[in-house]
Each structure stands twice: as structure tokens, then as C-alpha cells.
Amino acid sequence: MTPAPTELLPHRPPFLFVDRVLALDADSVRTARTFRPEEDFFRGHFPGNPIVPGVLLVEAMAQAMALLATHRHPGQQVYLTGIDRARFRQPVLPGQEVELSVRVEGVRLGVFRAKAEAQVAGVRVADAVLSGLVADVGS
Amino acid sequence: MGVARSEIIARVNRTLQDEFEIAVDKIAPDKRLREDLDLDSLDAVDMIAALEQGLHIRIDEERAKKIRTVGDVYDFVEGMLAEADAAPH
């Protein structure tokens, strides 16, 4: 039984980019997020040609990482400190469900480093290396 | 001074491993970059940048577009290095 996203994440709509936790263990997490056609950003990105902004795919990856970090370090939170090698390989369209996979590469000096990948129907659409500082809430 | 082909192969293989985490046992001259190693056009750009930086050469993009296999990469880099060597300094 996987937890509800809001049990582990402080994020809330309209800035919650995890609908469901598909799998969670000590080193990795898989989450899902459907980008619904009625979401506000599609009106402007782009008019008549809606595409999920790449930065929101990164945010969805970062939230998956945050969820994993809090699972590993209960009572703490991860603050995004770096995005490396982000690549957007395919456009994601309204209504598509994106599956986010994040795997921890290591923790150095309290900084979490993880590899993240987004897929739609088994096809990789984006990937990045993320880092985040694990710290007490509000610190 | 020319760079030995074995050194070129080693450097290209190291780039494939370090940049794209391709397992060493998957790297062979006949492997196709796209179909066998799952490298896409964005990866190709990254590979060119990595090779340019590592080998201090400027890669001709039009010629690079013809690269299909790992063996093509070896030949391409060898050719580029030979030209760089032959050019007046």
C-alpha cells in the first residue's frame, strides 16, 4: 500500500504534481501525474497548441524526489538545490499521464542527488539529475 | 602527433559510458546509436560537445549527421583528428 502524495508532500493544488504514488522504497519512487486539459497553464502555453511546460515536468520530478526524501527522512523536507542535464525529448500533451521515476544516487553533506525520468506510455519524454538539501521543515 | 586508434576507441567508449551510462559490454563497432543504444538527437548533441571538449577538436556538424554506429564514431573522430593534425598550426 503506497501513501497518498499529501501524506509526504507539503505541496497542494494548484501546485501538486503527484496524483498517485505507484511504488516507493528506500532508494526509488514512481509517481503518476495526468496533465488535465483544463489546467490553467495550457491557456497560455500555447494558445491553440497546448503543451506541458518542460519546467513542470521537472517540477513533477522534483516533487517525486521530495516525496522519496521525506519517506527516507521522516519529519524532514527536501529543498531543490540543483537541476542538471535536464532534457525534454518529446512533447507532453493535455490528458496524457506521465510516469515519473526517481532513483537516489547518493547523499553527500545532506544533499540528495537523484536521477529522474518521465515517461508517457513507456516512452521516455524527459530526464534530469536533481539535487536537494534535506533539512528540517522551515529551516 | 597523431592519436592511435586504440586511444580514440578508448576515449569514445569512455564518453559513451560516462555521459550516457552505457554498459561497456553493450559498446561495439556495429552497434547502432539510435536503435541499439537508445541515443536520440539530443544525446547526439551532448556527444558532440563531450568529444569536442575531450579531444579539443571542432566537429563538422554536417558530417556528424551521417554517423549511425559506434564504429562510425571511431572513424569520424579519427578523421577529424587527422585533419586537425594536417592543418597548419
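Model, not experiment: these values are computed from the prediction.

A.B. asks: Quick question: what am I supposed to make of the overall build of chain B here?
C.D. replies: Secondary structure summary: chain B contains four helices and zero strands in total. Along chain B, helices and strands appear, N-terminal first, in the series α-α-α-α. Taken over the C-alpha trace, chain B has a radius of gyration of 12 Å; the compact-globule value for 89 residues is 12 Å, and the two agree within 12%. In terms of overall dimensions, chain B has a C-alpha envelope of 40 × 25 × 20 Å along the principal axes. Looking at chain B residue by residue over its 89 residues, the buried ones come to 13%. Put simply, 62% of the contacts in chain B that link residues at least 6 apart link residues at least 24 apart.

A.B. asks: Just checking my understanding: could you explain the environment of B:L42 for this structure?
C.D. replies: Among the secondary structure elements, B:L42 is positioned in helix α2 (residues 41–55). Ignoring anything within four residues of it in the chain, the contact list for B:L42 reads A:R87 and A:R89.

A.B. asks: Can you walk me through the environment of A:V29 in this structure?
C.D. replies: Residue and element names in this part refer to chain A. Inspection of the secondary structure assignment puts V29 in strand β2 (residues 28–34). For V29, a count of 29 C-beta atoms within 10 Å gives the class buried. Sequence spacing of V29 and A4 is 25 residues, and the spatial spacing of their C-alpha atoms is 13 Å. Those residues within four positions of V29 in sequence are excluded, and the remaining contacts are V21, A23, L24, A64, L67, L68 and V102.

A.B. asks: When you look at the nonpolar core in this model, what are you seeing that I'm missing?
C.D. replies: Nonpolar side chains in soluble globular proteins tend to end up buried together. Residues A:L57, A:M61, A:A64, A:M65, A:L67, A:V102 and A:A116 are the most contacted members of the largest nonpolar core, which totals 32 residues. For this core, the secondary structure elements donating two or more residues are α3 (54–72), β4 (97–108), β5 (111–120) and β6 (123–136) of chain A. Take this core: its biggest share by element is eleven residues, from α3(A). Counting residues in hydrophobic clusters, the runner-up holds eleven residues, among them B:V12, B:L33, B:L51 and B:M80.

What counts, and at which threshold
- Residues numbered from 1 in each chain as written.
- Chains lettered and ligands numbered in written order.
- Predicted model: local features only at pLDDT ≥ 70, side-chain atom pairs only at ≥ 80, totals over all residues.
- Helix = DSSP H or I, 4+ residues; strand = E, 2+ residues; numbered from the N terminus.
- Rg over C-alpha atoms; globule rule 2.2 N^0.38 Å.
- Buried ≥ 20, exposed ≤ 12 C-beta atoms within 10 Å, placed from the backbone.
- Contact = placed C-beta atoms within 7 Å.
- Core = buried A, V, L, I, M, F, W, Y, C linked by C-beta atoms within 7 Å.

Remember that the coordinates give geometry; whether it matters functionally is a separate question.
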